[in-house]
Amino acid sequence: MDIRKFFKKESGQRSTERQRGETSAGEGEAEGVAEGEKGQQASSSQREQGETEELQQIDREAEEDQVITERGEQTGQERENDEAAAATHSTTGFDLGDKDTGPRQVKLKSYPHDTFGTQKRAFNHSWFEKHNWLEYSVNQNAAFCFPCRVFGKNIKHDSLVSNGCKNWKKALVIFGKHEMAQTHKDSVVTWKSYQGTSKQGNVAQMIATANVSEIVERREYLRRIVAVTSMLGRQGLPFRGHDEGEDSPNRGNFLACMELLKEFDAFLQKHNPPSNAQYISPTSQNDMIDCCAQEVTSVIVSEMTKSKVYSIMVDEARDKKAEQLAVCVRYVSEGAVKERFLALAEIKSFDAQSIANEIQQQIQNYGLAELKCVAQTYDGAAVMSGSTGGVQAHFRRLHPEAIYVHCYAHQLNLVLCNTCKAVPEAVELFSLLECVYSFFSTSLVNHHKFMETQAKLGLTKTELVQLSNTRWACQLRSISAVLETLPAILECLSAIGSPIAVGLRAKLYKFSAVYALLMFQSILSVTEGLHKFLQKETLDLAEAFICKQAVCDTLKGKHSDAFATELYEKTKALCNTHSIPEPGAKTRHKQRKMEDFVLEATVGSRTELNNSDTLKRELLFPCVDRMVGELDQRFCSVDAGLLKGVQACSPKSENFLSEPHLNELAKHYRLDLKKEEVLVARNFLTRKTEAGCPPKNMLSVYNLLDSDMFPSLKATIQVALTVPVSSCSCERSFSALRQLHSWLRQTMGQKRLHSLAVMSIEKDTLQHLSHNRVIDRFATLKNRRHSLMLPPTK
């Protein structure tokens, strides 16, 4: 029987049944009957059109079935492939999609066939392309509507939701009717909304995402503020102007830098922060300065905590109407010796107990109380260095291991000052130098004549140097300046002709004065290098002591007739150049006025310095002897046993790695030094020396020793490295203070002054500081109107 005749016959039977009103809801729709609530039938023309469309659809399906029939049965290999694909998409029982996976659209080469009448029909995977909501269950061999099944609400009596559609003969018609239903459209909308929510998050998440982008933008803006704050702090420049209004021609360095950045920064040009979150007000500037200083200090404290031992260095200085206490620390970190500025505190009381309490308070403020303080270094003031009632005594009650080291740089300066004061001829010489400086510096007329005279004589323009008891090595620079400009000084004094000028020239125009100038230039040149050497931050006590001994030996070498003769001949040559007469021998008549009197003071009688022997005996040798004696006496504040223990850690010392001396040092600091480690270290360092890599200093020994192999020996050497030599770091902090606290910035508070001092002195640490860390501290410093902290990442 022809298949087209069969379908036409079947279509005629359906048309007859439709006229009798016996068709079911699904069959009537397939034959083009419009459903209505009252069951009214459509017009005859509409029925005919529906029948025609149905016949066309049936013809297409018949052609597909005919192709399947002609294709014949599957081969064994194809059947195995389909079974494997079905097993892949199938689960035990329920094999449809869920909210996260979406519709399960299984594509097989051949689907199971069902018999409809005399034809076999099956699911067609091309339907997935037309209906993206469609899914197929391999286990049930049925089609489902994914959005209605998963997201639909109150959907009943729909095969695509409950049991699935298995009527492959009328599947397309059923799919079309279902797609037009309102419930299906609502389910699709819900499905699409869920998909959007999965990608972008829910409303709260989208708000949070938008908030994060705003926070990122605010932090990017703050990065510019941190950069400007750091730059001004490193350079020690003022932040504010006298008038920071919009119309002010000079709004201060901070606002000027921000405006300059805005001219070239595209981000600042686009960014428009709210008026209450610009962070450029004086209060916000202070907060940002404080945060930068705290971050720098936190880096220092973190390094000290890892080191576990440290030394304290303290000095005080007058700052306008306040007394400032500079606190610095010394420790070993990452294989290097570091001296860092810690705090600048104003002290109200100047007694030893109050100063010691302030030092201890600063230690507690930064959480250093649990660390071991091995040494304390101050200048030689009685309130600081007193062994019973001084600061060092009060501090040792709290830190018993902290030995006191009198600043070597201060001691060397005291040696020179006391030497100059002990010898009368030296006192006269430096008094004369100070008078010459005052004569040419206080009067502009005299200063201009002095400069003109130098130019006329073809000399390099040189300024005279003022003497000072606190400026180290200024004596040598003053003497050198006078010797370089001596022709100009003598000629200028003669030209001026005033009584003071005549008197100064008379004192300078002497053989003994020129001899004293050359003598002190030679002696002070020996100590000049030691002045600079003692100011090095990485210098250890053993090496400083070696250099001091070298200076002493050099000075002792000048206590000789050979040097005296050489100095006399040099003076004679210089005097001949400037026509200064050599003194002749004079017979001094003894005064008879004071005969038979017992005198307890000088009567002004002094030996005439009129020949080589007299100059050597009365001027050269006394000055050399006094200086050597002062050096031996003053550089001994550290206990001799501990000093030898420190020297035993230095490869330049004669008692390097001497076990008794190392034990004495370790015992003081309660370290359990292992004898075996010392023995192995000797052999280890000997092999290093033979291999051409000898340790150069104490720090190189510390870095060569492994902490796992030599733990106790390395800890002992670390203590020796931590002991400071001088308090020059404190002196340098006062130099920065003079720049920061100028007369134009007198209204600055102590907290701001401390923060700016930290930023200026520790500029290297500040330059490598993370901007994000500063912003985080700024964000948590107090409650902000707008959030600045990024949410934690999962």
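The structure we're discussing is the one just above.
None of these values were measured; they are calculated from a predicted model.

Go over the packing of aromatic side chains with me, naming the residues and quoting the values.
Across all of its chains, the model carries 21 aromatic pairs by this definition. When the ring of Phe684 is compared with that of Phe710, the centres are 6.0 Å apart and the planes differ by 45°; the resulting orientation is tilted. Of this pair, Phe684 sits in helix α28 (residues 675-690) while Phe710 sits in the loop between α29 (698-704) and α30 (711-722); the two residues are 26 residues apart in sequence, bridging distant segments of the chain. The class of Phe684 is partly exposed, set by a relative accessible area of 26%. Using a relative accessible area of 1% as the deciding quantity, one classes Phe710 as buried. Above the plane of the ring of Tyr194 lies Lys99, whose end atom (NZ or CZ) is 5.9 Å from the centre.

How would you summarise α28 if you had to cite specific residues and measurements?
Relative to the 22 Å expected for 16 residues at 1.5 Å per residue, α28 spans 23 Å between its end C-alpha atoms, a close match to the ideal helical length. Taken together, the buried positions of α28 are Glu677, Val678, Ala681 and Leu685. All buried residues of α28 fall inside an arc of 95° around its axis, so they share one side. Facing away from the buried side of α28 by over 90 degrees, the exposed positions are Glu676, Asn683, Arg687 and Glu690. Against the buried residues of α28 lie α27 (659-668), α29 and α30. Gly692, located one to two residues past α28, shows a positive phi value of around 90°.

Give me the lowdown on the sheet that holds strand β9 (residues 403-406), citing residues and values where you can.
With mixed pairing, five strands are arranged side by side in an open sheet as β7-β6-β5-β8-β9. Only two strands of the sheet have a single neighbouring strand rather than two, namely β7 (336-347) and β9. Neighbour-to-neighbour, the strand axes of the sheet open up by a mean angle of 25°, direction not taken into account. Where strand β5 (residues 309-319) lies against strand β8 (residues 372-378), five bridges are found, and the strand directions are parallel. Each bridged residue has a counterpart across the sheet, and for Met313 the counterpart in β8 is Thr377. Across the sheet, α30 lies against β5, β6 (322-333), β7 and β8, angled at about 150° from β6, the strand it touches most. The strands that helix α31 (residues 728-740) touches are β5, β6 and β7; relative to β5, the one it contacts most, it runs at about 40°.

Rules and cut-offs
- Residues numbered from 1 in each chain as written.
- Predicted model: local features only at pLDDT ≥ 70, side-chain atom pairs only at ≥ 80, totals over all residues.
- Heavy atoms only, no water.
- Phe/Tyr/Trp six-rings, centres within 6.5 Å; stacked < 30°, edge-to-face > 60°.
- Helix = DSSP H or I, 4+ residues; strand = E, 2+ residues; numbered from the N terminus.
- Buried < 20%, exposed > 50% of the residue type's maximum accessible area, 1.4 Å probe, protein only.
- Lys NZ or Arg CZ within 6 Å of the ring centre and 35° of its normal.
- Expected span 1.5 Å × (residues − 1).
- Arc of directions from axis to C-beta.
- Contact = heavy atoms within 4.5 Å.
- Pairing = 2+ DSSP bridges.
- Axes fitted to C-alpha atoms, helices over the stretch in contact; angles between N-to-C directions.

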